[in-house]
Each structure stands twice: as C-alpha cells, then as structure tokens.
Amino acid sequence: MAGLKAGLGMRSNNLLLLITGAMLVTLASLSSCHNDDGGISDEEFLAQGKKLAMVRCGSCHEAPDASLLDSATWEKYILPAMGAKFGMRLFMDQYVASPTASITLADWNKIFAYYKYTSPKKLKIPRPDAVLDSALFSVKRPANVDTKSGEAMTTMVKFNPVDKHFYTGDAGNKLYRWDSNLRATLIKKFHSPITDATFYQSETEPNSAVITCIGILPPNDQLKGRLTHINLDKQSKDTTLMADSLPRPVKSAAADFNKDGLVDYVSCGFGRDRGGLFLLQQQANHTFKRKIIRAVPGPEVVYTGDFNGDGWPDIACLFAQADEGIWLFLNDKKGGFTTQNIMRFPSVYGSSSFQLIDFNHDGKLDILYTCGDNNDYSPVFKPYHGVYIFTNQGDWKFKQTYFYHINGCSKAIAADFDNDGDLDLAVIAFFPDYKYHPTEGFTYHEQLSPGKFKVHEVPINLLGRWISMEAGDIDGDGDTDLVLGNFSVGAQGLMNQKDYKPNWDLYEPIIVLQNKTIKK
C-alpha cells in the first residue's frame, strides 16, 4: 500500500494563538532573515541553518539534505509542514511562532533559509538505460472481467504455496481465489479492504490463512484494522477474529516467538500520525494478547526469521513514515525484543518495500530496497527514487552495490527468473512518469554477471496501474511467474501529474506475466 500512505499532517491555523505572543517575521529575502544576527555573513547564516536542521530535524528522523528537493518544493510544501511540527505557522505569507513553539523564531529562520537558498532550482533526473521488450514474459489476462462493479482496485496479490493458487483482495473487501485459467472464485467478503494474507497448513487445518484488513483505506489514524483467521477448505468459510482496533495494518508475519508451540503474529499498523508494530501473542485458549514493539507510525513490510543465529525467531521491519529505515527486533528470549537499526533513509525518500535475500551467495542476508511513494508533500520526480541493492559487509553493515532510477518505484522481488543460477529483479512503480515514460511502470532486471544487470522495460502500461506484485509458479511449469495487481484509480488524487488523464485499463483486476524461460 505504499502508493496510498500519507505524509506529515498539516493542521489548520489558530489565528488567536498565532497572533498572541508571536512576532511576525517576513522571509521574503535571505538578508531579512538574519538582519539581527550581528551582521554575520550569508554563508555563516546558512551554515548555522544547516547545523540546526541536522540537530533539530535529526532528533526525530534522518535529517534530509537541502539538495534532495528543489527550492520551490521546500518552500511551498515541506517547510510549512516542517514548521508546524516546531510550532511555526504561516499567517499572511509570514511565519509566526506560537506560544508553545519548540524552537525560537530566529532558529527557524535559519533552518528555513538553509533549505530555501541552498537547494537546487531543479532536480536532475537520471536518463533511463533500458531496452523496451517483453524480456522473458508473455501476458495472460483474466478470462472474464466485471465492468459493471466499478474500477478495479486490487489491494493485494498473494501466492498460496499450500494449494498453489494465488489470491487477491480489493477495495470492495472481497477475497478471491484464482485458478490457472485466471478464473476468479469469491471466497468471502470481509469487513474492510484486504492488504495481506499469511497462508499455512497444520494437522487440523490443511489450508488456512490469516487475513489482514486495513480498516479504512485512505490515510487515517482510526483503529479499524483487523486480523482474521479463515479456513479456506471449509465450504462455510467461517472466520475467527484474532485482533481488532489496529491502526491501518498493511502487512503481517508469523512465528512462535516464545517457543510455546503456538503461532504468534506481528502486524504493521501503518496508521498516519500514529501507528506501531504490534506483537499478537497466542495464549493457551487461542486468544491473542497484544504488545507494542515500536510505537511509531509507518511500519510497512515485515519478515520473521532467526537473524542472529541463536535459534529464536526475530523480526525485520521497514518503517516508511518520517523516520524511514529498516530495524531488527532481536528476540531476547524473555518475551520481548532488543532493537537494532540497520538502515536509515531521509524522510523524503518515500520508502516502499524491502526484501532480505542473499544476492552474492556468501551466507549473509543482503537488502533489496525500493523507494518511490510520491503522493505526499513533495510530489515531484526525484533522482533517488528507484531500486537498490545493499550488500551485507558483516555484522549487519551494508554497502550500496546497485541502484537503478525508477520514478515512483513501489516494489521489487528478487528471484532467479531465467533459471541461470543468479538472482534477477522484477520491479513495479505506482508513480512512474505516466506522461513521458510510462513503460518504467514494470521493469525486469536481468543479472548478467555479479552485480551487473540488463534492464528491460516491459510495455504493459496500458493494461493497468500496478500497486501490488507477487511471484510464484502460477502455471506449474517449474519457473517463476508474476501476478500484478491493478489499482486503476487515478483521477481521485493519486496522481502527481495533475494534467495527465489515465489511459490504462480500468477494469481488469490483475494480469499474469508468464515466464517463457526454457529450463536449463
């Protein structure tokens, strides 16, 4: 759901608080910002602003450098939102400090000047270096498409390794199972849109799932999310509520964290201004006790595994709201976790996905990462949006070894798609350059030699707008296929190119990219 998440919240002005006890300061020019600072030079004034920004902004998240955005975006969008966090408000094109401001007006002037006057007028976007072809994929489309129920708004695609089918969820709260001929069967309608499914089997339940429902889809802080158990083989499709009152949960994962023989769950409550990563610990009576692991908004993707080799399951999670980065939560074997940050990104990156996978076969987990959520306060194309590989140097220290720029990049999956023994990449973008470069919406990165990739832009941009992607052997021929989920809505505020009219298919919920690789 990276493309749907919110940024910093702006609040309405309270004129009484703004005027009472506040001093109006015009920021029309740099000189007016520091005419009371003892006559220091402009260079020193800006240096002080940068230092203040690194300290004050860096206390909550990685402080962004001024070069990451153009000056107009800083001034028009980011700085008003940033100032509001400090208690600064715009009033008649001037900043004022409220009585409860956490920073002085003089210091805010310096921060403002640093971002406005040292940022570039325009960002330089890298040129694409890709071939336009179908690579090793052929397109398969649904057998029947419902055009009467409204636009396709697929919120999840997930492959079930138990029954070898893939499942989809949509904004209409419906869970579907798809067969190899791409015919969909409605499994059940839930209380809200489905954002994730965790499939499993046991002696008593040969094919079951835990369904994550977000609650209210647009950004909000309401506690409407749920985790629900369903037995997929029972015709009655009865469900059991496992947890409710969650803040916009988007992903969940399973493990027996306390080794009591009962499966527990960890869930990403993305929220908006409030949220958190939650542990749902199964009790002897099969109810779930909730604990908070990290009480900040923005947990987006979560994995479980034994990441420190001590035999106990741990957690890895990407946070993507303000304080962006990847954290490990290592099992302390006492019912809790110790926290370790392993990657941190500036708050304007728009982190959207990650995967832990050993790219170079050295026994250490590397990081595949994407950033590109681009519907917040800086809806401009950014040169650092795209897909990254960070190689593990040991002790969870990482070095960037691959980057390819993709506007609005939203998810990447690493797999050996061409069956040659190394890992390739499949990448989607929910906010590509639809106007001038729409084929960057899906790219296939073919690894030719260690760390060297040939990028293919597969021209499927007219078939949908891809918000979700899943890999699996859909047709049972032994190679890895892809399912892309179409969240086709474009005219209701989820476009950063406001003058662009969507031209993709509005009704097909998914397409399948069938792998045509000949087995080697």
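Scroll up to find the structure this text is about.
Since the structure is predicted, the reported quantities are computational estimates derived from the model, not experimental observations. (Residues numbered from 1 in each chain as written. Predicted model: local features only at pLDDT ≥ 70, side-chain atom pairs only at ≥ 80, totals over all residues. Heavy atoms only, no water.)

Of regular secondary structure, the chain possesses five helices and 31 strands. Computed over its C-alpha atoms, the radius of gyration of the chain comes to 24 Å, within 12% of the 24 Å expected for a compact globule of 520 residues. When the backbone C-alpha atoms are referred to their principal axes, the chain occupies close to 75 × 55 × 50 Å. Per-residue burial over the chain gives 55% buried out of 520 residues. Summed over all atoms, the accessible surface of the chain reaches about 22100 Å², with 52% contributed by carbon and sulfur. Taking the 54 positively charged and 60 negatively charged side chains of the chain as two groups, their mean positions are separated by 5 Å. (Helix = DSSP H or I, 4+ residues; strand = E, 2+ residues; numbered from the N terminus. Rg over C-alpha atoms; globule rule 2.2 N^0.38 Å. Buried < 20%, exposed > 50% of the residue type's maximum accessible area, 1.4 Å probe, protein only. Areas by Shrake-Rupley, 256 points an atom, 1.4 Å probe, with all protein chains shown as cover. Lys, Arg positive; Asp, Glu negative; His and termini not counted. Charge placed at Lys NZ, Arg CZ, Asp CG, Glu CD.)

Before going further, it helps to examine the packing of helix H3 (residues 42-56) against helix H5 (residues 105-118). It is the contact of H3 with H5, at a shortest axis distance of 7 Å, that shows an interaxial angle of 105 degrees. With respect to H5, the axis of H3 lies roughly perpendicular. Contact with H3, carried on its side by Phe45, Leu46, Gln48, Gly49, Lys50, Leu52, Ala53 and Met54, involves Asp107, Asn109, Lys110, Ile111, Ala113, Tyr114, Tyr115, Tyr117 and Thr118 of H5 and no other residues of that element. Counted by class, the contact of H3 with H5 contains 10 nonpolar, four polar and three charged residues. (Axes fitted to C-alpha atoms, helices over the stretch in contact; angles between N-to-C directions. Parallel < 35°, antiparallel > 145°, perpendicular 65-115°, else oblique. Contact = heavy atoms within 4.5 Å. Nonpolar A, V, L, I, M, F, W, Y, C, P; charged D, E, K, R; others polar.)

Moving on to the nonpolar core. One finds Met82, Trp108, Tyr115, Ile367 and Tyr369 to be the most contacted residues of the largest nonpolar core, which totals 46 residues. Contact partners of Met82, with chain neighbours within four places excluded, come to Cys57, Trp74, Trp108, Ile111 and Tyr115. Core analysis: the next-biggest nonpolar cluster, separate from the first, contains 26 residues, Phe257, Ile293, Phe337 and Phe431 among them. (Core = buried A, V, L, I, M, F, W, Y, C linked by side-chain atoms within 4.5 Å.)

Moving on to helix H4 (residues 71-86). Helix geometry: H4 is bent most strongly at Ile78, by close to 45 degrees, with proline Pro80 lying one to four residues after it. Considered for burial, the residues of H4 that qualify are Ser71, Thr73, Trp74, Ile78, Leu79, Pro80, Ala81, Met82, Gly83, Ala84 and Phe86. The opening residue of H4, the one whose side-chain oxygen lies 3.3 Å from the backbone nitrogen of Ala72, is Asp70. Just downstream of H4 lies Gly87, where phi reads positive at about 95 degrees. (Bend = angle between axes of the 7 residues up to and from the residue. Polar contact = N/O pair within 3.5 Å; in protein donor to acceptor, adjacent residues only side chain to side chain.)

With antiparallel pairing, the four strands of this open sheet are ordered in space as E17-E18-E19-E20. Both edges of this open sheet fall to strand E17 (299-305) and strand E20 (337-345), since each of them pairs with a single strand only. In this sheet, adjacent strand axes meet at a mean angle of 20 degrees when their direction is disregarded. Direction of pairing for strand E19 (residues 324-331) relative to E20: antiparallel, over a ladder of eight bridges. Its bridge partner being in E20, Ile326 is matched across the sheet by Met343. (Pairing = 2+ DSSP bridges.)

The four strands lie next to each other as E4-E31-E30-E29, forming an open sheet whose pairing is antiparallel. Edge positions in the sheet fall to strand E4 (137-140) and strand E29 (466-472), since each has one partner strand and no second. Here the strands of the sheet are splayed against their neighbours by 25 degrees on average, with no regard to which way each runs. Both E29 and strand E30 (residues 481-486) contribute to a ladder of six bridges, which runs antiparallel. The partner of Gly472 across the bridge, within E30, is Asp481.

As a further point, take the pattern of salt bridges. For the coordinates displayed, the defined rule picks out 13 salt bridges. Arg183 is paired through a salt bridge with Asp179; the nearest N and O atoms lie 3.4 Å apart. A relative accessible area of 22% means that Asp179 is categorised as partly exposed. The salt bridge partner of Asp310 is Lys333, with a shortest N-O separation of 3.8 Å. Here Lys333 lies in the loop between E19 and E20 and Asp310 lies in the loop between E17 and strand E18 (314-319), a separation of 23 residues in the sequence. On the basis of relative accessible area, Lys333 is assigned to the partly exposed category, the value being 45%. What emerges from the salt-bridge pattern is a single network uniting Arg141, Asp505 and Glu508. (Salt bridge = Lys/Arg side-chain N within 4 Å of Asp/Glu carboxyl O.)

Next up on the list: the pairing of strand E21 (residues 351-357). Of all seven residues making up E21, seven are buried, and the element is well covered by its neighbours. Sheet analysis places E21 next to strand E22 (residues 366-371), joined by six bridges and oriented antiparallel. Bridged to Ile357 within E22 is Asp366.

Without other data, these values stay purely geometric and don't point to any function.
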